[in-house]
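Each chain is listed here by its residues.
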Amino acid sequence: MHRFALSLVLLGLVSVLMTVILVMGDATLPGRVPPFLAALLAGLGGVALVGGLWLLEPRGRERQSLSG
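Presented here is a report on the structure given in the accompanying data block. (Residues numbered from 1 in each chain as written. Predicted model: local features only at pLDDT ≥ 70, side-chain atom pairs only at ≥ 80, totals over all residues. Heavy atoms only, no water.)

Let's talk about helix α2 (residues 35-56)
Along its 22 residues, α2 runs 32 Å from first to last C-alpha, staying within 8% of the 32 Å computed at 1.5 Å per residue. Its buried side turned inward, α2 meets α1 (2-24). (Helix = DSSP H or I, 4+ residues; strand = E, 2+ residues; numbered from the N terminus. Expected span 1.5 Å × (residues − 1). Contact = heavy atoms within 4.5 Å.)

Shown next, in the form of structure tokens:
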């Protein structure tokens with residue numbers, strides 16, 4: 001389970017980094033990559049990042065045993 005969550009976090013970080021590279025590298029100029037695709041890549045990266053971190057967060061009995 002931790003491998004899947006960590007791979008989601010890594011996928012999210014890579015996709016957000018790729019979005020930054022696309023925008024900074026003028027890849028979204030007319031005729032190249034549509035801005036919608038860059039926005040979709042950033043959105044999916046954010047969802048993957050948050051989902052992976054949510055899976056890594058301890059819940060329920062695990063949280064109670066860690067805090068006390």
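Considerations on the side chain of Ser-15
Here Ser-15 lies in helix α1. By relative accessible area, Ser-15 is classed as buried at 9%. With residues up to four places along the chain from it excluded, the contact list for Ser-15 reads Leu-41 and Gly-45. (Buried < 20%, exposed > 50% of the residue type's maximum accessible area, 1.4 Å probe, protein only.)

Some points on a nonpolar patch on the surface
Among the surface-exposed residues, Leu-10, Val-14, Leu-17, Met-18 and Ile-21 lie close enough to one another that they form a single nonpolar patch of about 460 Å² accessible area. Topologically, Met-18 is positioned in helix α1. (Patch = residues over 30% accessible without salt bridge, like charges linked within 9 Å, V, L, I, M, F, W, Y side chains within 5 Å. Areas by Shrake-Rupley, 256 points an atom, 1.4 Å probe, with all protein chains shown as cover. Salt bridge = Lys/Arg side-chain N within 4 Å of Asp/Glu carboxyl O.)

Details of the packing of α1 against α2
Between α1 and α2, whose axes approach to 7 Å, the crossing angle comes to 155°. Taken together, the axes of α1 and α2 are roughly antiparallel relative to one another. Between α1 and α2 the crossing geometry is left-handed. Considered class by class, the residues forming the contact of α1 with α2 number 18 nonpolar, eight polar and no charged. (Axes fitted to C-alpha atoms, helices over the stretch in contact; angles between N-to-C directions. Parallel < 35°, antiparallel > 145°, perpendicular 65-115°, else oblique. Left-handed = near helix turned anticlockwise from the far one by under 90°. Nonpolar A, V, L, I, M, F, W, Y, C, P; charged D, E, K, R; others polar.)

Looking at the environment of Leu-8
If you trace the backbone, Leu-8 turns up in helix α1. Sequence separation between Leu-8 and Leu-55 is 47 residues, and the spatial gap between their C-alpha atoms is 9.3 Å. Setting aside its immediate chain neighbours within four residues, Leu-8 contacts Ala-48, Leu-49, Gly-51, Gly-52 and Leu-55.

Honestly, it's all geometry; don't read function into it.
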